[in-house]
Amino acid sequence: MTYIAKPRLHHPKLPTNALGYTRRDYEGAVSTLCAGCGHDSISAAIIQACFELSLEPHRIAKLSGIGCSSKTPTYFLGKSHGFNSVHGRMPSVLTGANLANRELIYLGISGDGDSASIGLGQFAHCIRRAVNMVYIVENNGVYGLTKGQFSATADKGSKARRGAVNTDSPIDLVALALQLGASFVARSFSGDKAQLVPLIKGAIEHRGAAFIDVVSPCVAFNNNPESTKSFDYVRAHNEAVNRLDVIIGRDEITADYAPGTVETVIQHDGSALRLRKLALDYDPYDRISALTYLQQRHAAGEVVTGLLFVEPDSGDMHEFLDTVETPLNRLGEAELCPGPEILARFNAAHR
Amino acid sequence: MAFQSNLEVAAIQRVNDFVVKFANVNGSGSASANALFAKSILRMGIPASSRNIFPSNIQGLPTWYEVRISKSGHLGRRGGVDMMVAMNPETWDEDLAEIEPGGYLFYDSTKPLPPSKFRDDINVIGAPLTAICNSEYTDARQRQLFKNIIYLGALSALLNIDVAAIEKLIGEQFRGKDTLIKPNLHALHLGRDWALAEHDCPIGLRLERADKVGDRIFMNGNDAAALGCVFGGATVAAWYPITPSSSLAEAFAAHCNRYRRDPDTKKKRYAIIQAEDELASIGIVIGAAWNGARAFTATAGPGISLMQEFIGLAYFAEIPAVIFDVQRGSPSTGMPTRTQQADILSCAYASHGDTKHVLLFPEDPRESFTFAAEALDLADRLQTPVFVMLDLDIGMNDWLVEPLEWDESRRYDRGKVMTAEELGAGIEFGRYLDVDGDGIPFRTLPGTHPTRGAFFTRGTSKDRYARYSEEGPDYVDNMQRLLHKFETAKRLVPRPVKRAAREPTAFGALYFGSTAAAMSEALEALENRGIHIDTMRIRAFPFHDDILDFVTGHEKIFVVEQNRDAQLRTLLMNEGDLDPARLVPILHYDGTPITARFIVKAIADMLAVVTLAPLKKALP
């Protein structure tokens, strides 16, 4: 891996967003992942989502663990602070960062090994704590950097490129996230940018723990036809329950949908999630039925995608902890130090 | 009839200078009566310290409370017991064996014991405590709880404790629960009246009002360290429950709740996370500190083991973190409720690869307070993990210490953090660039400037501009700068405290942490025997040059520590390139706090060997 800067020059007619930034302003270094890697498509979707939302790049912090997916924050948002931490422990680092400054946007990037194997505990607990973040798992069912071992999300019976069959039961991070109280839960496919970009936008605008599981085939080690995380398998079995548009204040609402199939949800920050239903019987506001639906479809070999659950007015860790509005990292002696008089009283109480 | 004392025994006669030990059953409510005992002595102006020796259990196992009363102000453990208050039949034999010849045994004589259960060289005071309780109370819980207050009342007469001081303390203790005051006072006088009626009071051990306490305070180190974090500006704490450090995090919560609420909104100017494990605790601390908040965690040895990978990341990526290690008996689960200084090496070199960390060694609760605030400054200044090495003895026992102090003009040292203005003015920023020659680079906080100062933090090797690099020269350059930064740390950490013997001597002693309390008494005793030793109390790692000069300035150095493997000695040899033969280990590691007598004997024995042995022969 090298750190290659892309040329700064760009076409003068590149479109700009409300802040005057072009898409290029949200890019990072050139990716060193394998050609065709699903993860690069996810990076591109993140770039597109941040561009479309007109976010200030430096107000985003991107954090990751270890693995192919965790390398990707180098490849997007080059003007944002990034933190490539230790394997499976991004959630705690992100939690701490969020505690220190509640005003930034936190993007947690992880993989299936990083979140479902070594980091399952931290994944679970940061979801439980309702950390305000976008937690993306780039899920390929395999360890890429160490060359092809199964991860804990690989389906039972799924076959690796060299013929090994996975005999362990898979962990479904979406089901876990639902059970653990995540307030925005989605699944998508790296090959479906039209679905993924709005989901990322909706997750960013959401307050609380937003989790997106993105099936992202590994072209090097797990893209054989017998793998349930391959491009062919996911395309053949992808069952999207809805399509999402995210509308923030300054956007015009232009989409035109058949009546009765579209719902608009207003989130805490005023953004609107416009949901176009594909499975008419699917209810994304009911955690329990979402879980049931997912598991029924999974048993039938389907990969359910879309916005699977949302609780638009959920709280977050800071609300639950009752912390002050001012970011903790901006408080100084005047706000933090009780001073000598209090100490004198403390001493007196200990004699 | 109770066994009575052998009148032929020469009874110890001592005023304001003795050791009383209480042998109890845990969960029996004895702790509060015992604490009243210690505090009432302090209220009489007599220096005293107390130590709980307790099991890892909630109810039913043996527990001891040892009070050292010392008019000379020696607040460590002395060794030996002048009066044993034996309230636990399970430990009767070992408790009896600990009493000094001529010392005193106080016990519940309700149930007769055969003479074979006693020693004939001690003075026995049998009080029918259960009988008194049974005739006075019908409720079983009351019988149990008031028995403790009754023995306190009896001791007040036997030892001449100012009963008014105890009465006042009871009033303070139950302030707001006034209905409890009267029955407690009643029980106190039941015991006191029994002793006055049945015994010549006071006995040979007695207390006389003095003025040796001054304005000193009585508190434990975990509480003090937590308060130091409040004063030092910590806003994020993440922890996982583990003895003996849990009370540090809990005290931080209590202090913050009191002193850290926004006066208008009542919202919290702090965040505390009880994490799912120690890995998450340190991860949260690192994330918060990366983002500019002062953050800490509190743990014990097993927690340090779990944090290793993250500590290496913080060292290499240069992120501040403050870690309180309240050391306990190790390895493994070891002795969770006993004290040791056995994490020195595992903290000094924590994590894989070439790492070295800053350690601070407070000697008591007062230094726990000052070093806590100091650690937060040092971590920010040096951008590295800083360990504050408490132990169970300091952390969980109440110590008599000088009042805590805070200079109003003191400002937090937030270290080298480049601001938006500086970045905007075009000042060059290289995250790992040594611009000042001290090995400490500048950092930026996320969200500072729209176009400048962003960088990627990683545990992998990188160049001076935080760009990923696997080039050998880049790696070596960075590792050498980290070493240079560690040299800078030497100048910033607390300096050692030196004390010269009354006469010039070839012998020196090095010690640190909770050993200090017993050391002062040991040195006095050695000096009385004509053995003179210069001492130096180490307060931090990396070692200040003064420490190495002290070692090379003496023929033999006793290194006194509370672990099996002489860990500080190893660290000294390793870092100072010192001759091992010069450093003589004095090691105490049975889980109880080191005593003055242990140190005296070990050093005196050693010196006998040194003086008898031919000069060329190595020490055993």
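The structure displayed is predicted, hence computed values, not measured ones.

For the rest of this paragraph, the subject is the overall build of chain A. Tallying secondary structure elements over chain A gives 12 helices and 13 strands in all. C-alpha extents for chain A along the principal axes are approximately 75 × 50 × 50 Å. Among the 351 residues that make up chain A, the fraction classed as buried is 54%.

Turning next to the overall build of chain B. Counting its regular elements, chain B contains 19 helices and 23 strands. The C-alpha atoms of chain B give a radius of gyration of 27 Å, which matches the 25 Å a tight globule of 620 residues would have. Taking the principal axes of the C-alpha coordinates as reference, chain B spans close to 90 × 75 × 40 Å.

So, about the sheet that holds strand E15 (residues 385-391) of chain B. Residue and element names in this part refer to chain B. The seven strands lie next to each other as E11-E10-E12-E13-E15-E14-E21, forming an open sheet whose pairing is mixed. Edge strands, defined here as strands with exactly one partner in the open sheet, are strand E11 (271-274) and strand E21 (540-541). Sheet topology note: the strand E14 (residues 358-360)/E15 ladder contains three bridges and is parallel. The residue bridging Leu 360 from the neighbouring strand is Val 388, located in E15. Against the sheet, helix H12 (residues 365-382) contacts strand E13 (321-327), E14 and E15, and its axis sits at roughly 165 degrees relative to E15.

This part takes up the pairing of strand E16 (residues 398-401) of chain B. Residue and element names in this part refer to chain B. Side chains of E16 alternate between two faces, with Asp 398 and Leu 400 and Trp 399 and Val 401 buried alike. Note: strand E9 (residues 217-220) against E16, four bridges, orientation antiparallel. Looking at the pairing, Phe 218 lines up with Leu 400 of E16.

This part takes up the interface of chain B and chain A. Opposite the 56 residues of chain B that make contact, chain A presents 50 residues. Broken down by secondary-structure element, the contributors of at least two residues to the side of chain B that touches chain A are E9, helix H7 (221-231), strand E10 (236-239), E11, helix H9 (278-290), helix H10 (301-317) and strand E17 (456-458) of chain B. Broken down by element, the side of chain B that touches chain A gets its largest block of residues, nine residues, from H9(B). Per-class residue counts for the side of chain B that touches chain A are 33 nonpolar, 12 polar and 11 charged. Note that strand E2 (residues 81-84) of chain A and E17(B) share three bridges and pair parallel. Across the sheet, residue A:Gly82 finds its bridge partner in E17(B), namely B:Phe456.

A word on the packing of helix H1 (residues 30-43) of chain B against helix H5 (residues 163-173) of chain B. All names here are of chain B. The geometry of H1 relative to H5 is characterised by a closest axis approach of 9 Å and an angle of 120 degrees between their N-to-C directions. In terms of their interaxial angle, H1 and H5 are classed as oblique. For the pair H1 and H5, the crossing hand works out as right-handed. Across from Leu 36, Lys 39, Ser 40 and Arg 43 in H1, the residues of H5 making contact are Ala 165, Ile 166, Leu 169 and Ile 170. Considered class by class, the residues forming the contact of H1 with H5 number five nonpolar, one polar and two charged.

Another point: the sheet that holds strand E5 (residues 81-86) of chain B. All names here are of chain B. The six strands are arranged E3-E4-E2-E5-E6-E7 in an open sheet whose pairing can be described as mixed. Because the sheet does not close on itself, it has two edges, and the strands there are strand E3 (48-53) and strand E7 (123-127). Taken pair by pair, the neighbouring strands of this sheet meet at an average axis angle of 15 degrees, ignoring direction. Here strand E2 (residues 17-25) pairs with strand E4 (residues 62-70) via nine bridges, running antiparallel. Within the sheet, the bridge partner assigned to Phe 18 lies in E4 and is Ile 69.

So, about the domain arrangement of chain B. Per the domain assignment, the segments making up chain B are domain 1 (14-206), domain 2 (219-401), domain 3 (420-492) and domain 4 (497-612). Placing a centre on the C-alpha atoms of domain 3 of chain B and another on those of domain 4 of chain B gives a separation of 40 Å.

Residues and elements named next belong to chain B. Counting buried residues in E2 gives seven out of nine residues, a clear majority hidden from the surface. Both E2 and E5 contribute to a ladder of four bridges, which runs parallel. Bridge pairing in E5 links Ala 23 to Ala 86.

To continue, consider helix H5 (residues 120-128) of chain A. Buried within H5(A) are the following residues: A:Gln122, A:Phe123, A:Cys126 and A:Ile127. Down the axis of H5(A), the smallest arc covering the buried residues is 130 degrees, so these residues share one side. Those residues of H5(A) that are buried lie in contact with helix H3 (90-100), helix H4 (112-117), helix H6 (173-180) and strand E8 (209-215) of chain A together with H9 of chain B. Trailing H5(A) by a residue or two, A:Ala130 shows a phi angle of about 60 degrees, which is positive.

Right, let's get into helix H16 (residues 515-528) of chain B. Residue and element names in this part refer to chain B. Between its first and last C-alpha, H16 extends 20 Å over 14 residues, near the 20 Å set by a 1.5 Å rise per residue. For H16, the complete set of buried residues consists of Thr 515, Ala 516, Ala 517, Ala 518, Met 519, Glu 521, Ala 522, Leu 523 and Leu 526. Positive backbone phi, approximately 80 degrees, marks Gly 530, located one or two places after H16.

All names here are of chain B. Mapped onto the elements of the fold, Glu 66 is located in strand E4. Taking the C-alpha atoms as reference points, Glu 66 and Ile 273, 207 residues apart in sequence, are found 35 Å from one another. Non-local contacts of Glu 66, meaning those with residues more than four positions away in its chain, are made with Val 19, Lys 21, Ser 50, Arg 51, Ile 53 and Arg 77.

Residues and elements named next belong to chain B. For the peptide bond that leads from Cys 201 to Pro 202, omega is -5 degrees, which places it in the cis range. Secondary-structure assignment places Pro 202 in the loop between helix H6 (181-198) and strand E8 (205-206). Following Ser 330, the chain continues to Pro 331 via a peptide bond in cis, the omega torsion being 5 degrees. Mapped onto the fold, Pro 331 is located in the loop between E13 and helix H11 (344-348). Even without glycine at this site, Asp 577 takes up a positive phi of about 50 degrees. Structurally, Asp 577 is set in the loop between helix H18 (567-576) and strand E23 (583-587). According to the C-beta neighbour criterion, Asp 577 is exposed, with 8 such atoms within 10 Å.

This part covers the packing of helix H1 (residues 38-52) of chain A against helix H7 (residues 193-205) of chain A. How two helices sit against one another is set out by the angle between their axes and by the gap between those axes. Residue and element names in this part refer to chain A. Two elements in contact, H1 and H7, have axes whose closest approach is 9 Å; the angle formed by their N-to-C orientations is 55 degrees. Considering the angle they form, H1 stands oblique to H7. Both H1 and H7 take part in a crossing whose hand is right-handed. Note on element contacts: H7 touches H1 through Lys 193, Leu 196, Val 197, Ile 200, Lys 201 and Ile 204, opposite Ser 41, Ala 45, Ile 46, Gln 48, Ala 49 and Glu 52. Of the residues contributing to the contact of H1 with H7, the split by class is seven nonpolar, two polar and three charged.

Reading the values: rules and limits
- Residues numbered from 1 in each chain as written.
- Chains lettered and ligands numbered in written order.
- Predicted model: local features only at pLDDT ≥ 70, side-chain atom pairs only at ≥ 80, totals over all residues.
- Helix = DSSP H or I, 4+ residues; strand = E, 2+ residues; numbered from the N terminus.
- Buried ≥ 20, exposed ≤ 12 C-beta atoms within 10 Å, placed from the backbone.
- Rg over C-alpha atoms; globule rule 2.2 N^0.38 Å.
- Pairing = 2+ DSSP bridges.
- Contact = placed C-beta atoms within 7 Å.
- Axes fitted to C-alpha atoms, helices over the stretch in contact; angles between N-to-C directions.
- Nonpolar A, V, L, I, M, F, W, Y, C, P; charged D, E, K, R; others polar.
- Parallel < 35°, antiparallel > 145°, perpendicular 65-115°, else oblique.
- Left-handed = near helix turned anticlockwise from the far one by under 90°.
- Domains from an automatic or database assignment.
- Arc of directions from axis to C-beta.
- Expected span 1.5 Å × (residues − 1).

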